Amino acid sequence: MCKNDSVSQVQVQRLYKLIIYGRWLIVGLLWISIGFLSIWSLRGEIALWLKHFTWVSVHYALAYNKLASFGLSLCLGTTTAILVWQSRHILWGISPEEQKRLEQQVRQINHQGQTHPLWKWVIPDNSH
């Protein structure tokens, strides 16, 4: 029974790592797509900032380029949220509620079996 619990904890840790990697993948894709396009649309203003930087010029550039402002805000907000989420787990550990949710997800993956998309990453291969 104890061995089964440790295997379950290994599976929970694997699922947790996948969640972390997935979140950072989403952030990376956001920055590569929306972040890049937002910065590209501000390239004229950025050139002006490099010559004569003032906070007023930043304010007006973002105020008159709403789409770029929204894109950068989305990228920065998502990045900040994931940094805070992961930092909280590093400093204080995973909360009991989240631990229970992860265990429930592992049970769901085990129940569904090899047809679950995360099966091969979460469930260790015992054929060796």
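Above this text is the structure in question.
Nothing here was measured: the structure is a model prediction, and the numbers come from that model.

*Asks:* How should the overall build of the protein be read in this particular structure?
*Replies:* Looking only at helices and strands, the protein features six helices and zero strands. Scanning the protein from its N terminus toward the C terminus, one meets helices and strands in the order α-α-α-α-α-α. Relative to the 2.2 N^0.38 estimate, which gives 14 Å for 128 residues, the radius of gyration of the protein is 21 Å and therefore markedly larger than a compact globule would have. C-alpha atoms of the protein, sized along the principal axes, occupy 65 × 30 × 25 Å.

*Asks:* Before we go on, may I ask you to explain the nonpolar core in this structure?
*Replies:* In terms of nonpolar packing, the biggest core is built from eleven residues, these being V12, L15, Y16, I19, I20, W85, L102, V106, I109, V122 and I123. Listing elements by their share of this core, those giving two or more residues are α1 (2–41) and α5 (96–112). Once residues within four sequence positions are removed from consideration, Y16 is found in contact with W85, H89, I94 and L102.

*Asks:* What is the right way to read the pattern of salt bridges from this model?
*Replies:* Side chains carrying opposite charge are able to pair once their charged atoms draw close together. A full pass over the atoms with the stated rule returns two salt bridges. Across the salt bridge formed by E98 and R88, the nearest N and O atoms sit 3.7 Å from each other. Remark: R88 occurs in helix α4 (residues 66–92) and E98 occurs in helix α5; sequence separation between them is ten residues. Of the residues examined, R88 reaches a relative accessible area of 38% and is grouped as partly exposed. For E98, the salt bridge goes to R101, with nearest N and O atoms at 3.2 Å. Pair noted here: E98 and R101 are both in helix α5, with a separation of three residues, about one helical turn.

*Asks:* How should I be thinking about the packing of aromatic side chains in this particular structure?
*Replies:* Where two aromatic rings form a pair, the distance of their centres and the angle of their planes describe that pair. Counted according to the given criterion, the structure contains four aromatic pairs. Arranged with centres 5.9 Å apart and planes meeting at 45 degrees, the rings of Y16 and W85 form a pair that is tilted. With a gap of 69 residues between them, Y16 in helix α1 and W85 in helix α4 connect regions that are remote in the sequence. Residue Y16 shares its accessibility class with W85, and that shared class is buried. Ring plane angle 80 degrees and centroid distance 5.0 Å describe the contact between F53 and W55, whose orientation is recorded as edge-to-face. For K120, the ring lying beneath its charged end belongs to W121, and the centroid distance is 4.9 Å.

*Asks:* Whenever I open this one, α4 confuses me. Can you help?
*Replies:* Along an α-helix, residues three or four apart share an orientation, since each turn contains 3.6 residues. Look at α4: 38 Å from first C-alpha to last across 27 residues, which is about the 39 Å you get at 1.5 Å a residue. Along α4, the residues that are buried comprise A68, S69, G71, L72, C75, T79, I82, W85, Q86 and H89. Of the residues one or two after α4, G93 is the one with positive phi, at around 85 degrees.

*Asks:* Quick question: what am I supposed to make of a nonpolar patch on the surface here?
*Replies:* Where nonpolar side chains cluster on the molecular surface, the patch consists of I34, F70 and L74 and spans about 260 Å² of accessible area. Inspection of the secondary structure assignment puts L74 in helix α4. Taking relative accessible area as the criterion, L74 reaches 31% and is therefore assigned partly exposed.

Definitions and limits used
Residues numbered from 1 in each chain as written. Predicted model: local features only at pLDDT ≥ 70, side-chain atom pairs only at ≥ 80, totals over all residues. Heavy atoms only, no water. Helix = DSSP H or I, 4+ residues; strand = E, 2+ residues; numbered from the N terminus. Rg over C-alpha atoms; globule rule 2.2 N^0.38 Å. Core = buried A, V, L, I, M, F, W, Y, C linked by side-chain atoms within 4.5 Å. Buried < 20%, exposed > 50% of the residue type's maximum accessible area, 1.4 Å probe, protein only. Contact = heavy atoms within 4.5 Å. Salt bridge = Lys/Arg side-chain N within 4 Å of Asp/Glu carboxyl O. Phe/Tyr/Trp six-rings, centres within 6.5 Å; stacked < 30°, edge-to-face > 60°. Lys NZ or Arg CZ within 6 Å of the ring centre and 35° of its normal. Expected span 1.5 Å × (residues − 1). Patch = residues over 30% accessible without salt bridge, like charges linked within 9 Å, V, L, I, M, F, W, Y side chains within 5 Å. Areas by Shrake-Rupley, 256 points an atom, 1.4 Å probe, with all protein chains shown as cover.

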